[in-house]
Amino acid sequence: MPRLNESQKGVFFALSAFFMWGFLAVYFNIFSKDIDAYEILAHRIIWSFFLMAAVLCISGKMGEIFALLKDIRSLKALFLSGIFITINWGVYVYAVGSGKILDTSLGYFINPLISMLLGVIIFKERLSKAGAIAVCIVIAAVCVQIYAKGGLPLVSIILPLSFGFYAMVRKMAKISAFNGLFIETFFMFPFALGYVLWLVFYSQSHFGLNKDSLLMIASSIVTIVPLVAFNAATTRINLTTIGYLQYISPTIAILCAVFIYGEILDGYKVVSFCMIWLALAIISMDKFRKRSKNE
């Protein structure tokens, strides 16, 4: 069997990451329905922290963390990004548990366009004509959701905004993904632990000798492994390729929502999704055209 080159390995790692993220909703749906999103989120933070600490100790890279802890500016940025990623995780777990997987997939389709808009506003990046058209279409798609729901589709808005601001802060901080995520969970760890202890004190904790406890512990694995695969992909293939592949995750989420959990794909959702796909197609064609022109 021929060995894969670095580019092929990159595609493999990217596909692995996006497929795992795509089926993440299935994992969080295994939890008992009487466990709220806050408790799952708290344990996800706690066990992710322990798993990453173990990896850093075994790999002998804990020294990098101690050096990072002396950089006050980086710590301030990571505390802020930690808040954003915690909001993102929490809203996602809440949405999955509330039967709103379609809303999460819409949010993650919007995500790259939100990042593009933040790049223009915060980093003064230039928005192409195709990009401007795509952003306008996304705004129109959100308006369709607002009209149909009679209010803002909060899950579909908060998910891309929280991740967009997270990515923005991390870009400014310029810290490796794994080390940065460890510090972020380090900052959120006391709050998560405090909440879990509060649940134990008031006899409301679901952690014990049961299936849900194993799922809580394993949530660290489903959090870290896709991230490691994604980081391995970014060092081997260009961001344009990753950009095309990232739509695998929300597409899988849609299929899971409709065919596994029986969520209804109403007419307005179909219209909204079609508008988002049109916006993504415009961006993709523009990038492909520019890439072909430069070659």
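Residues numbered from 1 in each chain as written. Predicted model: local features only at pLDDT ≥ 70, side-chain atom pairs only at ≥ 80, totals over all residues. Heavy atoms only, no water.

When you go through the chain residue by residue, the secondary structure sums to 13 helices and 0 strands. The N-to-C order of helical and strand elements in the chain reads α-α-α-α-α-α-α-α-α-α-α-α-α. Principal-axis analysis of the C-alpha atoms places the extent of the chain at approximately 55 × 45 × 45 Å. Counted over contacts in the chain with a minimum sequence separation of 6, partners at least 24 positions apart contribute 85%. Here the chain displays about 15400 Å² of accessible surface, and carbon together with sulfur accounts for 71% of that area. Placing the 24 positive and 14 negative side-chain charges of the chain at their respective mean positions leaves the two points 11 Å apart. (Helix = DSSP H or I, 4+ residues; strand = E, 2+ residues; numbered from the N terminus. Contact = heavy atoms within 4.5 Å. Areas by Shrake-Rupley, 256 points an atom, 1.4 Å probe, with all protein chains shown as cover. Lys, Arg positive; Asp, Glu negative; His and termini not counted. Charge placed at Lys NZ, Arg CZ, Asp CG, Glu CD.)

This part covers unusual backbone geometry. Here the phi dihedral of Ser203 falls at roughly 55°; this positive angle occurs in a residue that is not glycine. Tracing the backbone shows Ser203 in the loop between α9 (177-201) and α10 (211-234). On the accessibility criterion, Ser203 (69% relative accessible area) is exposed. (Buried < 20%, exposed > 50% of the residue type's maximum accessible area, 1.4 Å probe, protein only.)

Right, let's get into the packing of aromatic side chains. Enumeration over the complete set of coordinates arrives at 27 aromatic pairs. A ring pair is formed by Phe49 and Phe182, whose centres lie 5.1 Å apart and whose planes are at 15°; its orientation type is stacked. With a gap of 133 residues between them, Phe49 in helix α3 (residues 37-59) and Phe182 in helix α9 connect regions that are remote in the sequence. Look at Phe49 and you get buried, because its relative accessible area is 13%. Geometrically, the ring pair formed by Phe79 and Phe187 is edge-to-face, given 5.5 Å between the ring centres and 85° between the ring planes. Taken together, the residues span a long stretch of sequence, with Phe79 in helix α5 (residues 72-97) and Phe187 in helix α9 at a distance of 108 residues. Of the residues examined, Phe79 reaches a relative accessible area of 34% and is grouped as partly exposed. By the ring-pair criterion, three or more aromatic residues cluster together here, those being Trp47, Phe49, Phe50, Phe79, Phe182, Phe186, Phe187, Phe189 and Phe207. The aromatic ring of Trp89 is capped on one face by Arg44, whose charged end is 4.5 Å from the ring centroid. (Phe/Tyr/Trp six-rings, centres within 6.5 Å; stacked < 30°, edge-to-face > 60°. Lys NZ or Arg CZ within 6 Å of the ring centre and 35° of its normal.)

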